[in-house]
Amino acid sequence: MNIASLMTPPKARVTPAREPRLRLVRVQATVLAQGAWSAMKDSVRAFRHMRDVLTGGYADVRS
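Definitions and cut-offs
Residue numbers restart at each chain and count upward from 1, following the sequence in its written direction. Local features in this predicted model are restricted to residues whose pLDDT is 70 or higher, and side-chain atom pairs enter the listing and the counts only when it is 80 or higher, whereas totals over whole chains, interfaces and linings include all residues. Only heavy atoms go into the side-chain values, all of them from the structure, while hydrogens and water stay out. By definition, any uninterrupted DSSP run of H or I lasting at least four residues is a helix, any uninterrupted run of E lasting at least two residues is a strand, and each is numbered from the N terminus. Partly exposed describes any residue whose relative accessible area lies between the buried limit of under 20% and the exposed limit of over 50%, with all areas from a 1.4 Å probe on protein chains only and scaled to the type maximum. By convention in these notes, a salt bridge is any Lys or Arg side-chain nitrogen within 4 Å of a carboxyl oxygen on Asp or Glu. The span one expects for a helix is its residue count, reduced by one, times 1.5 Å.

Draft legend 1. Broad picture of the overall build of the chain. For the chain, the count of helices and strands is 3 helices and 0 strands. Of the regular secondary structure in the chain, the N- to C-terminal order runs α-α-α. Expressed as a percentage of the 63 residues in the chain, the buried residues total 0%.

Draft legend 2. Spatial organisation of the pattern of salt bridges. Counted under the stated rule, the structure contains 2 salt bridges. With a closest N to O distance of 3.7 Å, D42 and R45 form a salt bridge. Highlighted residues: D42 and R45, both in helix α2 (residues 18-55), separated by 3 residues, approximately one helical turn. Classification of D42 by relative accessible area gives partly exposed; the value is 44%. Since its relative accessible area comes to 54%, R45 is described here as exposed.

Draft legend 3. Spotlight on α2. The end-to-end C-alpha distance of α2, which contains 38 residues, comes to 55 Å, matching closely the 56 Å that a straight helix rising 1.5 Å per residue would cover. Where α2 terminates, the next one or two residues include G56, which has phi positive at roughly 75°.

Have a look at this one:
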C-alpha cells in the first residue's frame, strides 16, 4: 500500500450495463429451453401416434 492510495479513496465499481444484459441472456436461455422441451414432447407424441397407427394400436378404440 502506498501513500497515494491512502489519500485518494478507491472508486466504487459500477456495472449497471452488465445486469440488464445478464437478465436478457437468462430470458433468452429460458425461451430456448422451453422451445426445445416443447419440440421434444411433440416429437415423442408424433412417434407414439405413428407407432400406434402402424402396429394397429388403435384397433381396440375403433371396435
